[in-house]
Amino acid sequence: MLLLRASDCPGILTEARSLLSMQQIPAALATAEKCLAVEPLNRHALLLKGNLLYLSGRDADAIATLDDVVRRDPKNQDARYALGRMYYFASRPEAALEQFQAIVEAEPKHYRAWDNLGLALDATGQTDKAVQAHLRAISLVAQDHKEYDTVYANLADLMMRQNDNRQAFNLAVEAAQRNPNVARNFFLAGKALTRLDQWPKSERWLRKAAELDASDPAPHYLLAQVYQRAGDSAKAGQERKIFKELQDKAPDKKR
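Residues numbered from 1 in each chain as written. Predicted model: local features only at pLDDT ≥ 70, side-chain atom pairs only at ≥ 80, totals over all residues. Heavy atoms only, no water.

Visitor: What is the right way to look at helix H7 (residues 111-123) in this model?
Guide: Note on helix geometry: an α-helix contains 3.6 residues per turn, so any two residues three or four positions apart are oriented the same way. Under the 1.5 Å per step criterion, the end-to-end length of H7 is 19 Å for 13 residues, consistent within 8% with the ideal 18 Å. The buried count for H7 comes to 11 of 13 residues, which makes it a mostly enclosed element. Taken together, the buried positions of H7 are occupied by Tyr 111, Ala 113, Trp 114, Asp 115, Asn 116, Leu 117, Gly 118, Leu 119, Ala 120, Leu 121 and Asp 122. Where the residues of H7 are buried, they touch helix H5 (77-89), helix H6 (93-106), helix H8 (127-141) and helix H9 (150-161). Phi for Gly 125, located one or two positions after H7, is positive at around 85°. (Helix = DSSP H or I, 4+ residues; strand = E, 2+ residues; numbered from the N terminus. Expected span 1.5 Å × (residues − 1). Buried < 20%, exposed > 50% of the residue type's maximum accessible area, 1.4 Å probe, protein only. Contact = heavy atoms within 4.5 Å.)

Visitor: Would you explain the layout of surface pockets in this entry?
Guide: If a probe as big as a water molecule is rolled over the atoms, it shows which places are left empty. When its volume is computed, the largest pocket comes out at roughly 820 Å³. Along the wall of the largest pocket there are 25 residues; nearest its centre are Arg 85, Phe 89, Thr 150, Asn 154 and Arg 184. Sorting the residues of the lining of the largest pocket by element identifies H5, H7, H9 and helix H11 (183-195) as the ones contributing at least two each. Grouping the constituent residues of the lining of the largest pocket by class yields 10 nonpolar, 4 polar and 11 charged. (1 Å grid on protein atoms, 1.4 Å probe; cavity = no way out; pocket = protein on both sides within 12 Å on 5 of 7 lines; lining within 4 Å. Points joined across faces, edges and corners; volume = space filled by probe spheres on them. Nonpolar A, V, L, I, M, F, W, Y, C, P; charged D, E, K, R; others polar.)

Visitor: How should the packing of H5 against H7 be read in this particular structure?
Guide: The description of two helices packed together rests on the angle between their axes and the distance between the axes. At a closest axis distance of 11 Å, the pairing of H5 and H7 adopts a crossing angle of 25°. If you check the angle between H5 and H7, you find them roughly parallel. When the axes of H5 and H7 are compared, the crossing they make is left-handed. On the side of H5, the interface is formed by Tyr 81, Arg 85 and Tyr 88, while H7 contributes Arg 112, Ala 113, Asn 116, Leu 119, Ala 120 and Ala 123. Taken together, the residues of the contact of H5 with H7 break down into 6 nonpolar, 1 polar and 2 charged. (Axes fitted to C-alpha atoms, helices over the stretch in contact; angles between N-to-C directions. Parallel < 35°, antiparallel > 145°, perpendicular 65-115°, else oblique. Left-handed = near helix turned anticlockwise from the far one by under 90°.)

Visitor: Please clarify how unusual backbone geometry should be interpreted in this entry.
Guide: Glycine aside, the phi torsion of most residues is negative, and most peptide linkages are trans. A positive phi is found at Ser 91, a non-glycine position, where the angle reads about 60°. Following the sequence through the fold, Ser 91 ends up in the loop between H5 and H6. For Asp 197, which is not glycine, the phi torsion reads 65° and is therefore positive. Relative to the helices and strands, Asp 197 resides in the loop between H11 and helix H12 (199-212). You can call Asp 197 exposed: its relative accessible area is 54%.

Visitor: Can you walk me through the pattern of salt bridges in this structure?
Guide: One side chain can pair with another of opposite charge once the charged atoms of both are near each other. For the coordinates displayed, the defined rule picks out 10 salt bridges. Of the charged contacts, one joins Asp 68 and Arg 72 as a salt bridge, the two residues approaching to 3.0 Å between their closest N and O atoms. Placement of both Asp 68 and Arg 72 in helix H4 (residues 59-72) is noted, with a separation of 4 residues, approximately one turn of the helix. Overall, Asp 68 belongs to the partly exposed group, its relative accessible area being 23%. The class for Arg 72 is exposed, based on a relative accessible area of 54%. (Salt bridge = Lys/Arg side-chain N within 4 Å of Asp/Glu carboxyl O.)

Right, dumping it as structure tokens:
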């Protein structure tokens with residue numbers, strides 16, 4: 001058996017990332033550990049390990065791993081970003097806010113961090129500041145990162161909860177135009193139209209959302225209402241049945 005050296009880590013991590021791309025999470029994690037066995041503080045390996053632990057459902061271990069990375073290397077913005085995301089999805093928005101705030105202070109053009117800072121601020125009840133953080137992200141991506149759609153969807157969702165449904169629709173349409181492969185973008189546009197009492201117009205947006213994500217029950221819930229309002233009880237019943245079946249199968253937590 002050949003002994004591994006620190007110089008072997010780049011190749012090992014390339015293999016681990018390849019395994020990750022094939023969704024072979026346990027094998028990817030075991031491979032990343034090989035690098036850490038010979039170079040315990042390799043920042044790339046630790047970041048990959050943290051993400052792989054999270055994908056394995058080991059949230060506490062993932063957070064502990066990345067928290068240790070950030071403590072040792074406060075300038076490691078990639079680890080901070082991943083850690084912030086994990087805190088947010090673990091319903092610890094205050095801790096997430098701290099990480100994203102640190103990133104934008106160090107890198108004011110980090111648009112993903114501004115977007116996620118908006119989510120964390122929203123989750124801590126700081127709605128006005130959340131809107132401003134999302135708008136800051138939009139100012140950074142509007143022209144220079146036309147592939148980035150998430151902030152438009154995030155702000156659309158927030159605007160809908162503030163009952164600004166027209167603005168929510170416009171933001172969701174922009175998100176859908178930027179990335180027509182994401183079901184959420186179309187769902188938010190359709191939902192905003194229902195809030196604007198434009199039920200017939202919402203159908204095509206909700207139908208597209210259902211096509212893009214066949215596992216999501218939410219579009220079918222609204223489609224049932226669309227058809228019921230149109231007087232088509234048969235279609236409404238069919239959508240309610242699909243909604244119930246998908247809801248029963250839906251995971252408790254999406255990653």
